[in-house]
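If you want the building blocks of each chain, they are given just below.
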Amino acid sequence: MKILVTGGIGFIGSHTCVELLKEGYEIVIIDNLYNSQLDVVDKINAITKKQVSFYEGDCCDADFMDSIFQKHKIDAVIHFAGYKAVGESVKKPLEYYRNNMQSTFVLCDVMRSHNCKNLVFSSSATVYGDPQRIPIDEECRLGPTTNPYGTTKLYIEQVLKDLYMSDHDWNILLLRYFNPIGAHESGLIGESPNDIPNNLMPYIVKVAAKELPYLHVFGNDYETPDGTGVRDYIHVVDLAKGHVCAIDKLLREHIGVDAVNLGTGKGYSVLDVVHAFASANQVEVPYQIDPRRPGDIAVCYADPQKAKQLLGWQAEKNLEDMCRDSWHYLTVTHAKK
């Protein structure tokens, strides 16, 4: 079976490609290198001892996307491609709406024309907005979202639901991620943004490595045990394995369209993660408390039971694993320079 992975050399995409290859799938990767590095292709090959088909291009380019489906008989698609930073989306709403929505429209249109209707969509817990209840299950109210990034995910979910209602041959899983961190145990792939990090863990790593002076902690006046935001942090390898389970499910049976949370069911504050990282790796992580960031919420963690029941998946790694593997990725990357 051949799987197309859009945004496949980004953080989550690259780890998912590794797990797909380990399970015997053939994969085709496309990525426009907006927030990824080309050498990740070689690293995926090195980890798996397999060769992948990679094409540099943009999901918003219909001719390019059509050419991929003409070259390859694609059985299913995992759609990661999209802008992904909450804070940046507040500053650049038009760019987020244009890119995230258009890339999905083009992809689905090309998939339809080539009669490929198995799709795993990279969604987010941000679709729940300020959550109705904690832990968050899939029956919780959706929205109102608190930032443009989350709104794009919510809109795309609705588009995909409408697409299924128009044609019941579609087979779609909406995977709502919580907060992926960590890196592959090899240290070869991990989260490596092209600019100043927007996400917590790569920022912590750069501060610990003295590449940045201190971590900005946005708000310490939330109604949480230490005042900082609480999130469900999940190891990226666990998350990647969740995608393999989703593909297995779609190719094994027809489910229509359904949504599944991928999280651990445990909440950790920003300072919990900072202290865990410092302890696991015996490093210092200086930080500064700043005002709350627009679009953030106080607490967000998953009820992961549906993933276990529907997909046979559950997270296995803990916060210490996430912190240790994130630091190991940096030390391996620096050793190669």
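Predicted, not measured: the structure shown is a model, and the values here were computed from it.

Cut-off values and rules
Each chain has its residues counted from 1, running along the sequence as written. Where local features are concerned, this predicted model is filtered to residues with pLDDT of at least 70; where side-chain atom pairs are given and counted, the filter is 80 or more; whole-chain, interface and lining totals use all residues. Hydrogens and water are ignored here; the side-chain numbers use all heavy atoms of the structure. Cysteine sulfur pairs qualify as disulfides if the two atoms are within 2.5 Å. In this scheme, a residue with accessible area under 20% of its type's maximum is buried, one over 50% is exposed, and one in between is partly exposed, where area comes from a 1.4 Å probe on protein chains only. Put simply, buried Ala, Val, Leu, Ile, Met, Phe, Trp, Tyr and Cys residues joined by side-chain atoms within 4.5 Å make one nonpolar core. Contacts were defined at the residue level, with two residues in contact if any of their heavy atoms lie within 4.5 Å. Each helix corresponds to a stretch of at least 4 residues labelled H or I by DSSP, and each strand to a stretch of at least 2 residues labelled E; elements are numbered beginning at the N terminus. For two strands to pair, DSSP has to find at least two bridges joining them. Look down the strands so they point away from you; if the path from the first strand over the helix to the second goes clockwise, the crossover is right-handed. An axis is simply a line fitted to the C-alpha atoms; with a helix, the fit covers only the stretch in contact. Between two such axes, the angle follows the N-to-C directions and lies from 0 to 180 degrees.

Caption draft 1: The arrangement of the state of the cysteines in detail. Under the criterion given, the structure shown has 0 disulfides. Looking at the unpaired C140, the closest cysteine sulfur is the one in C300, lying at 9.8 Å. Since its relative accessible area comes to 4%, C140 is described here as buried. The cysteine C323 is free of any disulfide, with C300 supplying the nearest cysteine sulfur at 19 Å. Residue class for C323 comes out buried when judged on its relative accessible area of 0%.

Caption draft 2: Representation of the nonpolar core in the model. Of all hydrophobic cores here, the largest spans 40 residues; its most connected members are I3, L20, I27, I44, L175, I247 and L262. Not counting the four nearest positions on each side in its chain, L20 is found in contact with I3, V5, Y25, I27, I78, V244 and I247. V28, F64, L107 and C116 belong to the second largest nonpolar core, which has 28 residues in total.

Caption draft 3: Main features of the pairing of strand β2 (residues 26-31). Burial of β2 is extensive: 5 of the 6 residues sit out of reach of the surface. By the bridge criterion, 5 bridges tie strand β1 (residues 2-6) to β2 in an arrangement that is parallel. For L4, the partnering residue across the bridge sits in β2 and is V28. In this region the chain leaves β1, passes through helix α1 (residues 11-22) and returns to the parallel neighbour β2; the handedness of that crossover is right-handed. For β2 and strand β3 (residues 53-56), the ladder comprises 4 bridges, and the chain directions are parallel. In the sheet register, V28 faces β3, and the bridge partner there is S53.

Caption draft 4: Here's a closer look at the sheet that holds β3. Strand order in the open sheet formed by 7 strands is β3-β2-β1-β4-β5-β6-β11, with parallel pairing between adjacent strands. Lying at the two open borders of the sheet, with one neighbouring strand each, are β3 and β11 (257-262). Averaged over all pairs of adjacent strands, the angle between strand axes in this sheet comes to 20°, irrespective of strand direction. In this structure, β1 lies alongside strand β4 (residues 76-79), joined through 4 bridges in parallel fashion. Directly across from I3, in β4, lies its bridge partner A76. Across the sheet, α1 is in contact with β1, β2, β4 and β6 (171-177); its angle to β2 comes to roughly 165°.

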